[in-house]
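Working through the structure, step by step
One letter stands for each residue in the lines below.
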Amino acid sequence: MSSSEKKYTILPFGPQHPVLPEPIQLTLKCDEEKVVDVNVNLGYVHRGIERAGELNDYKRNVYLVSRVCGICNFMHSLCYCMAIEKLMDLRIPERANYLRVFWAELNRVESHLLWLGLFADAMGFESLFMQFWREREFIMDLQEKTGGNRIITGTNNIIGGVNRDINGELVDDVERTLTKLRGRVKALEPVITKDPTFKKRTVGKGYLPRDLAVKLGAVGPTARGSDIRTDVRMEGYAAYGELEFEPVVEKDGDSYARVLVRFYETLQSIDIMLRVINTLRKMENGPIFVKPKEWPDGETISRVEQPRGELFYYVKANGTPYLERLKIKTPTLSNLPPLLAMLPGSELADVPVIVLSIDPCIACAERYVKIGKGGE
Amino acid sequence: MPFMLPIIIKNLLSKPFTVKYPFEKREPLPKHKGQIEFDMSKCDLCQDCERLCPSVAIKVYPNAKVIEYDPFKCIYCHLCVQICMQIAIKGYTVYTPPSYVKEVKIFKQE
């Protein structure tokens, strides 16, 4: 090596790092304090869920896919059930569709509050972290009251609807808690929007321009933070078609914009839940599930908006209780290329904040990927 | 930090949000999915629960008239409670206590 050639430091970020809840390795090529290049290494928590889904029968899979991700467990089972129901040509009762929206939004609020807390923790804002997690406790209590468990509620019926109803006194109870929670989350708005400590660590960090976000296929709040109006809920699956709302979009494309998107989405989701609860109260008590008639046959896809972005399921069945192929694509996998584009040019101390700003859920994203020669 | 201060001061002057665990225990909520128990006087040993259990925690031996239930394999989804035609499985709201040995519970029909 000639003495004129520039030398770089190679720093491994992870797989075990205080800011990362799950193992992923980022190899950072640094020029002193500045990140020049970055490479990602996945595969530390591969669990073989897709293969297990082919060995289980299709009914047991509802409980298996709920465990792909703990935080958005209902979304996974919803996406899988929607795919199988499409194959069986089942019509889900209206009440079940509204209940599905309710639990899906409950999961979204839970995930966003968890992430807002973790994000505050990553930049050393401990009191805000504690505050967000304290508000999250109300959501966990609601999950236990309505679904029966604090995290994995398992309220999607084995294909064809849901297995728990919300009626009677529970409706008023849920409405009271949600109204109370909305006020408490709203009280934290000045901290997010005005606090100089918060802004100093996030504004302008991890910039992702709109055209690059489109090109690299960013999804969810990462894309919406870069001024892309994308939300799978707008397609109107379950009962979303009847609940009119606008996706939250921010223009700046930095970490701060992504924080704002998630914060305002939390408030929006609570509003959607309140509207769903009101509809449930007016609606007459009716059936909440239909029984499947035959075994699934054929192939289909299904998409759901997860807290982190678009969730995609591909199901291929052959007329037996066992599926031929179950393919899961989680939003974190789609958001990794944008992350790699955000990091070069940033300071080393900002790397944890930028990595967390896409809300990485590594264990969900671990799938078998075959890469050909030359990265094909 | 300045915008967080009013909330911090309010928290300082209000009651603690947490429960003092060993002295004060949190009661499970009425719809909680907890322990399950088989009522063998009602059970007709049809094996529906065994077929559908997502975590293979239930084993039914129709000839010996015995049901083996592993509470440490169970994921407490209460699917068996929901599908049992004879209403022979009862779901409680109590958590399963931790244990030193992973024991299988055996229910025998007289």
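Residues numbered from 1 in each chain as written. Chains lettered and ligands numbered in written order. Predicted model: local features only at pLDDT ≥ 70, side-chain atom pairs only at ≥ 80, totals over all residues.

1. A look at the overall build of chain B
Across its full length, chain B carries 3 helices and 5 strands. For chain B, the succession of helices and strands along the chain, N to C, is α-β-α-β-β-α-β-β. A compact globule built from 110 residues should have a C-alpha radius of gyration of about 13 Å, whereas chain B, at 21 Å, is more than 25% larger. Counting only residues that meet the buried cut, chain B has 19% of its 110 residues in that class. (Helix = DSSP H or I, 4+ residues; strand = E, 2+ residues; numbered from the N terminus. Rg over C-alpha atoms; globule rule 2.2 N^0.38 Å. Buried ≥ 20, exposed ≤ 12 C-beta atoms within 10 Å, placed from the backbone.)

2. Observations regarding the overall build of chain A
Per the secondary structure count, chain A includes 14 helices and 6 strands. In summary, chain A has a C-alpha radius of gyration of 21 Å against a globular reference of 21 Å for 376 residues, a match within 12%. With respect to the three principal axes, the spread of C-alpha positions in chain A is 75 × 50 × 35 Å. In chain A, which comprises 376 residues, the share counted as buried stands at 48%. Look at the contacts in chain A between residues 6 or more apart in sequence, and 69% of them connect residues 24 or more apart. (Contact = placed C-beta atoms within 7 Å.)

3. Regarding the environment of Leu188 of chain A
Residue and element names in this part refer to chain A. With respect to the helices and strands, Leu188 occurs in the loop between α6 (169–186) and α7 (189–194). The buried category is assigned to Leu188, around which 22 C-beta atoms lie within 10 Å. Remark: the alpha-carbon pair of Leu188 and Tyr98, spanning 90 residues in sequence, is separated by 29 Å.

4. With respect to the pairing of strand β3 (residues 66–69) of chain B
Residues and elements named next belong to chain B. Alternating positions in β3 separate cleanly, Ile67 and Tyr69 being buried on one face and Val66 and Glu68 remaining unburied on the opposite face. The sheet contact formed by strand β2 (residues 58–61) and β3 spans 4 bridges and is antiparallel. Bridging from a neighbouring strand, Val60 pairs with Ile67 of β3. Where β3 and strand β5 (residues 105–108) come together, 4 bridges link them in antiparallel fashion. Pairing of Tyr69 across the sheet is with Lys105, part of β5. (Pairing = 2+ DSSP bridges.)

5. Concerning the sheet that holds β3 of chain B
All names here are of chain B. Spatially, β2-β3-β5 is the arrangement adopted by the 3 strands of the open sheet, whose pairing is antiparallel. Two strands in the sheet have a free side with no partner beyond their single neighbour: β2 and β5. For this sheet, the mean inter-axis angle between neighbouring strands, taken without regard to orientation, is 15°. (Axes fitted to C-alpha atoms, helices over the stretch in contact; angles between N-to-C directions.)

6. Points about the interface of chain B and chain A
Of the residues lining the interface, 16 residues belong to chain B; the matching set on chain A comes to 20 residues. For the side of chain B that touches chain A, a count of residues per class yields 11 nonpolar, 3 polar and 2 charged. (Nonpolar A, V, L, I, M, F, W, Y, C, P; charged D, E, K, R; others polar.)

7. Describing the nonpolar core
Residues and elements named next belong to chain A. In terms of nonpolar packing, the biggest core is built from 123 residues, with Cys79 and Phe102 touching the most fellow members. The element contributing the most residues to this core is helix α4 (residues 94–122), with 14 residues. Residue contacts for Cys79: discarding those within four places in its chain leaves Ser302, Val304, Leu311 and Tyr313. (Core = buried A, V, L, I, M, F, W, Y, C linked by C-beta atoms within 7 Å.)

8. A short note on the sheet that holds strand β1 (residues 9–13) of chain A
All names here are of chain A. One open sheet holds the 3 strands; their spatial order is β1-β2-β3, and the pairing between them is antiparallel. One side of each edge strand has no neighbouring strand; the edge strands of this open sheet are β1 and β3 (34–41). Each adjacent strand pair in this sheet contributes to an overall mean axis angle of 25°, direction not counted. Alignment of strand β2 (residues 25–31) against β3, held across 7 bridges, turns out to be antiparallel. Directly across from Lys29, in β3, lies its bridge partner Asp37.

9. So, the packing of α6 of chain A against helix α11 (residues 255–282) of chain A
All names here are of chain A. The N-to-C vectors of α6 and α11 enclose an angle of 160°; their axes lie 10 Å apart at closest approach. What the angle tells us is that α6 and α11 run roughly antiparallel. For α6 against α11, the interelement crossing comes out left-handed. In contact with Val171, Val174, Glu175, Leu178, Leu181, Arg182, Val185 and Lys186 of α6, α11 contributes Thr266, Leu267, Ile270, Met273, Leu274, Ile277, Leu280 and Arg281. Grouping the amino acids of the contact of α6 with α11 by side-chain chemistry returns 11 nonpolar, 1 polar and 4 charged. (Parallel < 35°, antiparallel > 145°, perpendicular 65-115°, else oblique. Left-handed = near helix turned anticlockwise from the far one by under 90°.)

10. Examining the pairing of β2 of chain A
Residue and element names in this part refer to chain A. Note: β1 against β2, 5 bridges, orientation antiparallel. Residue pairing for β2: Ile10 is matched across the bridge by Lys29. Following β2, the chain reverses through 2 residues before pairing antiparallel with β3; Glu32 in that reversal takes a positive phi of roughly 55°.

11. Focus on the packing of helix α3 (residues 73–88) of chain A against α4 of chain A
Residue and element names in this part refer to chain A. The N-to-C vectors of α3 and α4 enclose an angle of 140°; their axes lie 8 Å apart at closest approach. One element, α3, and the other, α4, form an angle in the oblique class. The residues of α4 that touch α3, namely those facing Phe74, Met75 and Leu78, are Arg100, Trp103, Ala104 and Asn107. Grouping the constituent residues of the contact of α3 with α4 by class yields 5 nonpolar, 1 polar and 1 charged.

12. Examining unusual backbone geometry
Residue and element names in this part refer to chain B. We note that Val56 has phi near 50°; this positive angle belongs to a residue other than glycine. When you line up the elements, Val56 lands in the loop between α2 (48–52) and β2. With 11 C-beta atoms counted inside 10 Å, the residue Val56 sits in the exposed group.

13. Notes on the confidence of the model for chain B
Parts of the prediction with low pLDDT should not have their coordinates interpreted in detail. When the pLDDT values of chain B are averaged, the result is 90; 100% of them are 70 or greater. If you check the scores for this complex, the pTM reads 0.92 and the ipTM reads 0.90. (pLDDT = per-residue confidence, 0-100.)

14. Section: the environment of Arg150 of chain A
Residue and element names in this part refer to chain A. Within the secondary structure, Arg150 is located in the loop between α5 (126–147) and α6. Residue classification places Arg150 among the partly exposed positions, given that 16 C-beta atoms sit within 10 Å. The spacing of Arg150 and Cys72 is 78 residues in sequence and 12 Å in space, taken between C-alpha atoms. Setting aside residues no more than four positions away along its own chain, Arg150 makes contact with Met140, Gln143 and Glu144.

15. Looking at the environment of Ala238 of chain A
Residue and element names in this part refer to chain A. With respect to the helices, strands and loops of the structure, Ala238 is situated in the loop between α10 (220–224) and α11. The class of Ala238 is buried, set by 21 C-beta atoms lying within 10 Å. When the C-alpha atoms of Ala238 and Tyr98 are compared, they prove to be 7.1 Å apart, with 140 residues separating the residues in sequence. Excluding residues within four positions of it along the chain, Ala238 makes contact with Asn97, Arg100 and Val101.

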